[in-house]
Amino acid sequence: MFSVDKCLHRYCFSCMRKHVEAKLLQGKLPECPHENCKSNLEIESCKKFLNPELYDIMSLRLKEASIPVTDKVYCPFSNCSFLMSKTELQERSYASSSTAARGSGMRNCVKCYRYFCMNCNVPWHENYTCSDYVKCFPYRSANEAKLKSLATRNRWRECTICKNMVELASGCYHISCRCGYEFCYTCGAQWINKKPTCRCPIWDEANIIHRGQNRR
């Protein structure tokens, strides 16, 4: 039997593994499954029943939760996408002897060590200022241009912090992105303390009914 460290509620390892896996795949940090219990699960305790892949996902979720939303930076290389903080990268640049790195957005990924622009969130644009790069290359690749076009047609919304695309299948227009940023799906305005900063409707009745029908 597994005992939650803080509250001592007990569950079998199989049930706990399924519970933790479901929460992690939803982009959440798992808590004790007991009704109304909010005790956080310790990663070292969960190591007893998690496979290496789920353990790595939980480590990532913990890191995501520890970095403020506006401080998160992801490596722009698709085969890396390592999560870092702007504060961490700033400290590394000041420790570096490179004057160019300090005076620009040029940083190197903590994991893959390749250079990228922290301001534009793209591989480092040699011989271009950030403003010139954005003017010359509004899209980072042909695939991104196609994605933007598809998003416009399907009315998807891009998170302004992590740049991930969000599609609303059903439910209200209050979006909680996987990076932790909360915003209005209709206009993109930020939600602060679970409250909107815009005047858009919070839901569409058709979306709510659709969700209810899917549960039947």
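Data block above holds the structure.
Residue indices follow the written sequence of each chain, beginning from 1 at its first position. Residues qualify for local features only when their pLDDT is at least 70, as the model is predicted, and side-chain atom pairs are given and counted only at 80 or more; totals for whole chains, interfaces and linings, by contrast, use all residues. To obtain the side-chain values, all non-hydrogen atoms of the structure were used and water was disregarded.

*Asks:* I'd like a description of the overall build of the protein, backed by residues and values.
*Replies:* Secondary structure follows DSSP: runs of H or I at least 4 residues long count as helices, runs of E at least 2 residues long count as strands, and numbering of each begins at the N terminus. For the protein, the helix and strand inventory stands at eight helices and 13 strands. Counting the 216 residues in the protein, one finds 33% classified as buried. Contacts are assigned to residue pairs with any non-hydrogen atoms lying within 4.5 Å of each other. Look at the contacts in the protein between residues 6 or more apart in sequence, and 35% of them connect residues 24 or more apart. Reported accessibility uses the Shrake-Rupley method at a 1.4 Å probe radius. Residues are deemed covered only where the shown protein chains occlude them. Just so you have it, the protein exposes about 13900 Å², and 50% of that area is on carbon and sulfur atoms. Only protein chains enter the area calculation, which uses a 1.4 Å probe; residues under 20% of their type maximum are buried, those over 50% are exposed, and those in between are partly exposed.

*Asks:* Quick one: what's the story with the sheet that holds strand S6 (residues 115-117), residue by residue and with numbers?
*Replies:* Should DSSP find at least two bridges between two strands, the strands are taken to pair. Taken in spatial order, the three strands of this open sheet run S5-S6-S7, and their pairing is antiparallel. Since the sheet does not close on itself, it has two edges, and those belong to strand S5 (106-108) and strand S7 (122-123), each with one partner. Pairing of S6 with S7 involves two bridges; the strand directions are antiparallel. Following the sheet pairing, Phe-116 is matched in S7 by Pro-123.

*Asks:* Can you explain helix H1 (residues 13-25)? Please cite residues and give values.
*Replies:* What sets the pattern is the α-helix's 3.6 residues per turn: residues three or four places apart point alike. Here the expected length of a helix is defined as 1.5 Å per residue gap, with one fewer gap than residues. For H1, spanning 13 residues, the distance from its first C-alpha to its last is 18 Å, which sits close to the expected 18 Å at 1.5 Å a residue. Every buried residue belonging to H1 is among Met-16, His-19, Val-20 and Leu-24, and all of these are buried. Taken down its axis, H1 places every buried residue within 125° of arc, on the same side. Facing away from the buried surface of H1 by more than 90 degrees, the exposed residues are Lys-18 and Leu-25. Looking at the buried side of H1, the elements it contacts are strand S1 (2-3), strand S2 (10-11), helix H2 (43-46) and helix H3 (52-66). Positive backbone phi, at 85°, marks Gly-27, one or two positions downstream of H1. By definition, the arc is the one covered by directions from the helix axis to the C-beta atoms.

*Asks:* Please provide a residue-by-residue account of the nonpolar core, values included.
*Replies:* What makes a nonpolar core is a set of buried Ala, Val, Leu, Ile, Met, Phe, Trp, Tyr and Cys residues whose side-chain atoms join them at distances within 4.5 Å. Residues Val-20, Leu-41, Cys-46, Phe-49, Leu-50 and Met-58 are the most contacted members of the largest nonpolar core, which totals 16 residues. Residue contributions to this core peak at four residues, all from H3. Not counting chain neighbours up to four residues away, the residues in contact with Val-20 comprise Pro-30, Leu-41, Cys-46, Phe-49 and Leu-50. Counting 14 residues, the second-largest nonpolar core is a separate cluster that includes Ile-67, Val-166, Leu-168 and Tyr-185.

*Asks:* Requested: an account of the environment of Ile-202, with residues and values cited.
*Replies:* Looking at the element boundaries, Ile-202 is found in the loop between strand S13 (195-196) and helix H8 (205-214). Taking the relative accessible area as the measure of exposure, Ile-202 reaches 36% and is therefore partly exposed. Separated by 17 residues in sequence, Ile-202 and Tyr-185 have C-alpha atoms that sit 9.1 Å apart. Sequence-distant contacts of Ile-202, defined by excluding residues within four places in its chain, comprise Cys-172, Tyr-173, His-174 and Trp-191.

*Asks:* Outline the packing of aromatic side chains, listing residues and values.
*Replies:* Think of it this way: a Phe, Tyr or Trp ring, Trp meaning its six-membered ring, pairs with another when their centres are within 6.5 Å, and the plane angle makes it stacked under 30 degrees, edge-to-face over 60, tilted otherwise. Throughout the structure, instances matching the rule amount to five aromatic pairs. Here the aromatic rings of Phe-2 and Phe-13 are separated by 6.1 Å at their centres, their planes lie at 65°, and the arrangement is edge-to-face. Of this pair, Phe-2 sits in strand S1 while Phe-13 sits in helix H1, and the two are 11 residues apart along the sequence. For Phe-2, a relative accessible area of 2% gives the class buried.

*Asks:* Quick one: what's the story with the pattern of salt bridges, residue by residue and with numbers?
*Replies:* Throughout this description, the term salt bridge denotes a Lys or Arg side-chain nitrogen within 4 Å of a carboxyl oxygen of Asp or Glu. Taken as a whole and judged by the stated rule, the model has four salt bridges. Taking the shortest distance from any N to any O, the salt bridge between Glu-21 and Arg-17 comes out at 3.4 Å. Placement of the pair is Glu-21 and Arg-17 together in helix H1, with a separation of four residues, close to one helical turn. With a closest N to O distance of 3.3 Å, Arg-61 and Glu-64 form a salt bridge. Of the two residues, Arg-61 and Glu-64 both sit in helix H3, three residues apart, roughly one turn of that helix.

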